[in-house]
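# Working through the structure, step by step
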Amino acid sequence: MARISPRAALRRTAGGLVAAGLLAAGSLALGAPAHAADPVFTLGGPAETALHPYPESGTPERSSLGLTVHNPDPDEESTGWEGEVTYTLDFSGIAGVAEVLPPEDTGADCEISGSKAVCHDWGVYTGLSSIADFDLAAAKGSEDGASGTIEVTGSAEGATFTPFTTKVTVGGPDLVMKQLPFEQELKPGDTQPAPITFTNKGTRAADGVLLTLRYSRGLEIPEQYANCEYDGEAGDDPFDSYAWASTLCFVEGSYEPGATYTLGVPLSVKATERAFYDTFIYRIGEDGGAERSAQRAGASFTRGTGPELTLKKVTSAARSADLDPWDNQQEVDFRTENTADFVAVGGEADGAVGDTVTADIGFRNDGPAWIGYIRSGEPVATLDFTVPEGAEVTRKPDACRGVTADGKYREDQTAAPRYVCDTRMTVRDDSERTWPFDLKITKKVPNASGDVRIRNTWLVDPELPFDTKPANNTAKLVLNGDGSGSGDAGGSSDGSTGTAGSTGGDTEGSGTTGGTDAGTASGSSAGSTGTSGSASSGAEGDLASTGSVVLMSSAIAAAALAAGGVLYVTARRRARRA
């Protein structure tokens, strides 16, 4: 008997990975829906798991089986269902085919005894979450092609669980993508060939393949093929499907074990005029309905035109789920010689002593480049706002923090002399972002002004490294001006005049860092009165600036998670109640 604990089914790769995008298909399969008065939770996991054949010598290689549960609660505010939950796994169907191995970490959530495992947990989160992650290996004496099934059931008082069955097979294709020797220092307009090449290192042929390409906003694929689908133009939020453009190509045929294949027609990657820091991800997988659906999720594809994309055999040796989906994908980062012009956006507002006015201040990116730090996850820039004389901030965006006059930490976040707001890790070309501040007029000071500056995130090194026009990085917020305008070299955003005690709406999400992207982020500035000439403040705000947003530092770009890649399972788990 072994006791094991569930592991988050999102694997970690070099650099730390929270969620793997573009996983192989076998992706997530869910049990059939059930109908009951109680809440209904759906058990799921990969439709099939392939195992490496039992070796002639040495230890059998492990494969992971991650099981999930889905709570379809539509309430966005819900944290999930509460109650004791028991999950039971019946391994009798894989007797002689596979063995269940204790994972590397141990604990007391699951207990394996004979041909069954029982896992105890508390509650079911809303959405998709992990139950447990088991290790499987081919059984001694099993033959290539042998298969069996694992049945998963759940029980809890006051809830219903649909059962789930997953297939386990010994052997299968193992598609391994070759890393291409791209030139990574580019100029706008540079185009490089991308001769996608892969090898089947498995034990059986792949029946058709699916080539998946993801590329961030500064890149494009010039060629179009009739057996490919294209997902339009990339946006700027790496945690949104519009952050990345996508191409899916379906190539029929049998791809033999031991053989290497490459493209029979041209394919290239081009750095556009907006390129700066960009990533290109290329993946091969066995084709199938589950794989196609998974890679299409969250995006709108259109069929390509022209001839069909083809593959040709390069080499062959003598001699269905992928045995190792973690080597199906490669990626490359590009640095394009380019610039972006960040322009500070100030404004004007008027009010009597005691009135509260709302001012929207921020910046815009006049391009030509988009700027994205999707590797480190660090914010691109910081808005630095000095409060005008005769006013004090009574309400700030959640994304901003009050500091002392010299930019140091300050405990009291209201009535600070200065505020700083970090942007997201990406800023799209031709976008504008604003932050709403409520200011109470405490003293009548004609033409009182405060600096609105867009700068580097490090105060000791304030210049933006990509911006060759620093003169327009500073604007003014003018209170009770004489009508001559904000007098700045940047843009302007008129603040709204309120009455005593009125407050502008702060629609940015709590705990985020930054403003919103007009034209790309949805949302409104409802609650902010009378604003004009500025981008609306979105409801989501910017992503937290931790400096390590797990978009990975080397192997698989987890940015692909937002690219519409297969989200294998959320890593959220509820702690077991004592």
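Structure: see above.
In what follows, the accompanying structure is described. (Residues numbered from 1 in each chain as written. Predicted model: local features only at pLDDT ≥ 70, side-chain atom pairs only at ≥ 80, totals over all residues. Heavy atoms only, no water.)

## Here we look at the sheet that holds strand E21 (residues 244-255)
Under the convention used in this document: At least two bridges found by DSSP between two strands are what make those strands a pair. Here a strand is any run of E in DSSP of at least two residues, a helix any run of H or I of at least four, and the numbering for each starts at the N terminus.
Here we have seven strands laid out as an open sheet, ordered E15-E27-E24-E18-E21-E20-E25, and mixed in their pairing. The sheet is open, and its two borders are formed by strand E15 (185-186) and strand E25 (302-303), each paired with just one other strand. As defined by bridge partners, strand E18 (residues 206-216) adjoins E21 across ten bridges and the pair is classed as antiparallel. Opposite Ala206, over in E21, you have Tyr255 as the bridge partner.

## Some remarks on the sheet that holds strand E16 (residues 191-193)
Overall, antiparallel pairing links the three strands, which are arranged E16-E23-E19 in an open sheet. Looking at strand neighbours, the two that pair on one side only are E16 and strand E19 (219-220), the edges of this open sheet. One ladder, built from two bridges, connects E19 with strand E23 (residues 268-271); its direction is antiparallel. The residue of E23 that forms the bridge with Glu220 is Lys270.

## Topic: the state of the cysteines
The condition that has to hold: A pair of cysteine sulfur atoms is labelled a disulfide when the two atoms are within 2.5 Å.
Tallied over the entire structure, the rule returns three disulfides. Here Cys110 engages in a disulfide with Cys119; their sulfurs sit 2.1 Å apart. Its S-S torsion of about 110° marks the bond between Cys110 and Cys119 as right-handed, since a negative value means left-handed. Shown here is the disulfide that connects Cys228 with Cys249, its sulfur atoms set 2.0 Å apart. One disulfide, between Cys228 and Cys249, carries an S-S torsion of 110° and so falls in the right-handed class. Of this pair, Cys228 sits in strand E20 (residues 228-230) while Cys249 sits in strand E21, placing them 21 residues apart in sequence. Each disulfide in the chain links cysteines that, numbered along the sequence, combine into the pattern 1-2, 3-4, 5-6.

## Notes on the pairing of strand E24 (residues 277-286)
Inclusion rule: Exposed residues in this analysis have more than 50% of their type's maximum accessible area, buried residues have under 20%, and partly exposed residues fall in between, with area computed by a 1.4 Å probe over protein chains only.
Burial runs high along E24: nine of the ten residues are buried. With seven bridges joining them, E18 and E24 adopt antiparallel strand pairing. When the bridges of E24 are listed, Leu211 appears paired with Ile284. Pairing of E24 with strand E27 (residues 329-336), which is carried by seven bridges, proceeds in the antiparallel orientation. If you follow Asp278 over to E27, its bridge partner there is Phe334.

## A closer look at the nonpolar core
Cut-off, in case you're wondering: By nonpolar core is meant a set of buried Ala, Val, Leu, Ile, Met, Phe, Trp, Tyr and Cys residues that side-chain atoms within 4.5 Å join together. Between two residues, a contact is recorded if the distance between any of their heavy atoms is within 4.5 Å.
In this structure, Phe342, Ile371, Phe385, Phe437, Leu439 and Phe466 are the most contacted members of the largest nonpolar core, which totals 38 residues. Mapped by element, the contributors of at least two residues to this core are strand E28 (340-349), strand E29 (356-368), strand E31 (382-386), strand E32 (391-395), strand E34 (418-422), strand E36 (431-441), strand E37 (448-455) and strand E38 (474-479). The contact partners of Ile371, leaving out residues within four places of it in the chain, are Phe276, Ala340, Phe342, Val380, Met425, Thr426, Val427 and Phe466. Listed in part, the 36 residues of the second largest apolar core include Met177, Leu180, Leu211 and Ala259.

## Side note on the pattern of salt bridges
Worth spelling out the cut-off: The rule for a salt bridge is simple: a side-chain nitrogen of Lys or Arg has to be within 4 Å of a carboxyl oxygen of Asp or Glu.
The full count for this structure, using the stated rule, is 15 salt bridges. Taking the shortest distance from any N to any O, the salt bridge between Glu331 and Arg375 comes out at 2.5 Å. Of this pair, Glu331 sits in strand E27 while Arg375 is found in the loop between strand E30 (371-372) and E31, placing the two residues 44 residues apart along the sequence. The partner of Glu463 in a salt bridge is Arg453, with the nearest N and O atoms 3.8 Å apart. Taken as a pair, Glu463 in the loop between E37 and E38 and Arg453 in strand E37 lie far apart in primary sequence, ten residues in all. The partly exposed category is assigned to Glu463, whose relative accessible area is 42%. What makes Arg453 partly exposed here is its relative accessible area of 28%.

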